[in-house]
Amino acid sequence: MFAGQTVIITGASSGLGRQLARDLASCGARCVLHGRQEAELEETATICKEVGGETLTVIGDVTQPEDCGALVEAAVNKFGRVDIYLSNAGLSMWAPFEEVKDLNIFRRLMEVNYLGAVHGMHHALPYLKKSRGQFAAIASIQSRMGVPSHTGYVASKHALEGFCEALRYDLEGTGINVLTVHPHWIRGTRLRTNACSADGSLVGDARRSHTSESISAEECSLAVLEALRRRDRELVVPAKLRLVPWLKLFWPSLLRRKVRGKISGQGDTE
Ligand SMILES: NC(=O)c1ccc[n+]([C@@H]2O[C@H](COP(=O)([O-])OP(=O)(O)OC[C@H]3O[C@@H](n4cnc5c(N)ncnc54)[C@H](OP(=O)(O)O)[C@@H]3O)[C@@H](O)[C@H]2O)c1
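Engineer: Mind showing me how you'd approach the overall build of the protein chain here?
Structural biologist: Summing up its helical and strand segments, the protein chain has 8 helices and 9 strands in all. Taken over the C-alpha trace, the protein chain has a radius of gyration of 18 Å; the compact-globule value for 270 residues is 18 Å, and the two agree within 12%. Burial statistics for the protein chain: of 270 residues in total, 54% are counted as buried. The long-range share in the protein chain, meaning contacts at least 24 apart out of those at least 6 apart in sequence, stands at 74%. Taken as a whole, the protein chain presents about 12,300 Å² of accessible surface, with 52% of it coming from carbon and sulfur. In the protein chain, which carries 33 positive and 30 negative side-chain charges, the distance between the mean positions of the two groups comes to 6 Å.

Written out as structure tokens, the structure reads:
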């Protein structure tokens, strides 16, 4: 299905974005790779070329609307169309609210995780209408539940989910599919080391490693490709986490206990 399609992937310089680019390229998609770090983006481009994919790298910051405009324009100039806009760029945090010293963390998280997606979608919309394409937002299971020390991240992902839900109504009849992806913890990405700590600096390697419950970027990426093939509206990986809203409704104390246990007992977080 992806052969010959033009797919824009933000946050393609590492982690899940890089894996998505590789997997889409191996299916014949033309991948437009976006991020701020040129060397890392070029590495992703090399990986895509090794599996036979055609790529274009565009350097930019999703928090800047004009950068997102330039991204879409570059994609259309090179490949003539946009079939899928994959909004994947993201930023996390690790700090109990009371300890936060730099309130800019909250603005930054909203700018990257929520507004970054809005900017991209706004510019891609006319082209997605033409191709009857898809907008896919990599949200998180944290767009449906709270997690300790993640107030700003959780809020930004809730905002992203709300945007997508409302957008679906606005796009009815256009032929565009809106997919929201809600992954559990993903191993092997830079999200945790690049997360904001209480004073706004990077968390670095201070956090402990992921538990066996986390998923690999490969597993998550393959699930996203399947959901895109089916033009699904929602994907939760792993599927058992679809129970989260039900637990929240019917057994909130159990959900809170489980979340607390995971965070304080094993140190796992995004
Ligand atoms: N890791 C997890 O446990 C987990 C779980 C659920 C959901 N997610 C979501 O999955 C997505 C991918 O994250 P990841 O885990 O793969 O983390 P990652 O390895 O840190 O990747 C994040 C990507 O976002 C890009 N980015 C960050 N700020 C940007 C900005 N202002 N402008 C443009 N690009 C920006 C980074 O590229 P540059 O530095 O080159 O700009 C990087 O390529 C995120 O939306 C994250 O919230 C992750």
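Engineer: Explain the layout of surface pockets to me, please; I cannot follow it from the model alone.
Structural biologist: Unoccupied space between atoms shows up once a probe the size of one water molecule is rolled over them. Of the voids in this model, the second largest pocket is the one considered here, and its volume is about 380 Å³. Lining the second largest pocket are 19 residues, and of these Leu-241, Val-244, Leu-255, Lys-258 and Lys-262 lie nearest its centre. Elements with a contribution of two residues or more to the lining of the second largest pocket: helix H7 (244–250) and helix H8 (252–266). Of all the elements, H8 adds the most residues to the lining of the second largest pocket, at 6 residues. Along the lines of polarity and charge, the residues of the lining of the second largest pocket split into 12 nonpolar, 2 polar and 5 charged.

Engineer: Honestly, the packing of aromatic side chains in this entry has me stumped. Any pointers?
Structural biologist: Geometry of an aromatic ring pair is reported as the spacing of the ring centres plus the angle between the planes. A full pass over the atoms with the stated rule returns 5 aromatic pairs. With a centroid separation of 6.1 Å and an interplanar angle of 25 degrees, the aromatic rings of Tyr-85 and Phe-135 are classed as stacked. Taken together, the positions of Tyr-85 in strand E4 (residues 84–87) and Phe-135 in strand E5 (residues 134–138) put the pair 50 residues apart, joining distant regions of the chain. For Phe-135, a relative accessible area of 0% puts it in the buried group. Both rings, one in Phe-135 and one in Phe-163, keep their centres 6.5 Å apart while their planes meet at 90 degrees; by these two values the pair is edge-to-face. Highlighted residues: Phe-135 in strand E5 and Phe-163 in helix H5 (residues 151–170), separated in sequence by 28 residues. By way of ring pairs, the aromatic residues Tyr-85, Tyr-114, Phe-135 and Phe-163 are connected into one cluster.

Engineer: What is the right way to look at helix H6 (residues 217–230) in this model?
Structural biologist: Along an α-helix, residues three or four apart share an orientation, since each turn contains 3.6 residues. For H6, which comprises 14 residues, the first-to-last C-alpha distance of 20 Å matches the rise-based estimate of 20 Å (1.5 Å per residue) to within 8%. Within H6, burial applies to Ala-217, Cys-220, Ser-221, Ala-223, Val-224, Leu-225, Ala-227 and Leu-228.

Engineer: I'm lost on the sheet that holds E5 in this one. Help?
Structural biologist: Note: strands within a sheet are paired through backbone hydrogen bonds, in either parallel or antiparallel orientation. Taking strand neighbours across the sheet as the criterion, the 7 strands line up as E3-E2-E1-E4-E5-E6-E9 in an open arrangement whose pairing is parallel. Edge positions in the sheet fall to strand E3 (54–59) and strand E9 (234–237), since each has one partner strand and no second. Pairwise comparison of adjacent strand axes, ignoring direction, gives a mean angle of 15 degrees for this sheet. In this structure, E5 lies alongside strand E6 (residues 177–183), joined through 5 bridges in parallel fashion. For Ile-138, the partnering residue across the bridge sits in E6 and is Val-181. On top of the sheet, helix H4 (residues 104–131) reaches E4 and E5; it is set at about 175 degrees to E4, its chief contact.

Engineer: Would you mind going over the site of the ligand with me for this structure?
Structural biologist: What surrounds the ligand is a group of 31 residues, the closest being Ser-13, Ser-14, Arg-36, Tyr-153 and Thr-189. For the ligand, an oxygen atom lies 3.3 Å from a polar atom in the backbone of Gly-90. In isolation the ligand exposes 880 Å². Once the protein is present, 98% of that is buried. Put simply, the parts of the chain that give the shell around the ligand at least two residues each are helix H1 (15–26), H4 and H5. A breakdown of the residues in the shell around the ligand according to their chemical character gives 12 nonpolar, 13 polar and 6 charged.

Procedures and definitions
- Residues numbered from 1 in each chain as written.
- Predicted model: local features only at pLDDT ≥ 70, side-chain atom pairs only at ≥ 80, totals over all residues.
- Heavy atoms only, no water.
- Helix = DSSP H or I, 4+ residues; strand = E, 2+ residues; numbered from the N terminus.
- Rg over C-alpha atoms; globule rule 2.2 N^0.38 Å.
- Buried < 20%, exposed > 50% of the residue type's maximum accessible area, 1.4 Å probe, protein only.
- Contact = heavy atoms within 4.5 Å.
- Areas by Shrake-Rupley, 256 points an atom, 1.4 Å probe, with all protein chains shown as cover.
- Lys, Arg positive; Asp, Glu negative; His and termini not counted.
- Charge placed at Lys NZ, Arg CZ, Asp CG, Glu CD.
- 1 Å grid on protein atoms, 1.4 Å probe; cavity = no way out; pocket = protein on both sides within 12 Å on 5 of 7 lines; lining within 4 Å.
- Points joined across faces, edges and corners; volume = space filled by probe spheres on them.
- Nonpolar A, V, L, I, M, F, W, Y, C, P; charged D, E, K, R; others polar.
- Phe/Tyr/Trp six-rings, centres within 6.5 Å; stacked < 30°, edge-to-face > 60°.
- Expected span 1.5 Å × (residues − 1).
- Pairing = 2+ DSSP bridges.
- Axes fitted to C-alpha atoms, helices over the stretch in contact; angles between N-to-C directions.
- Near = heavy atom within 4 Å.
- Polar contact = N/O pair within 3.5 Å; in protein donor to acceptor, adjacent residues only side chain to side chain.

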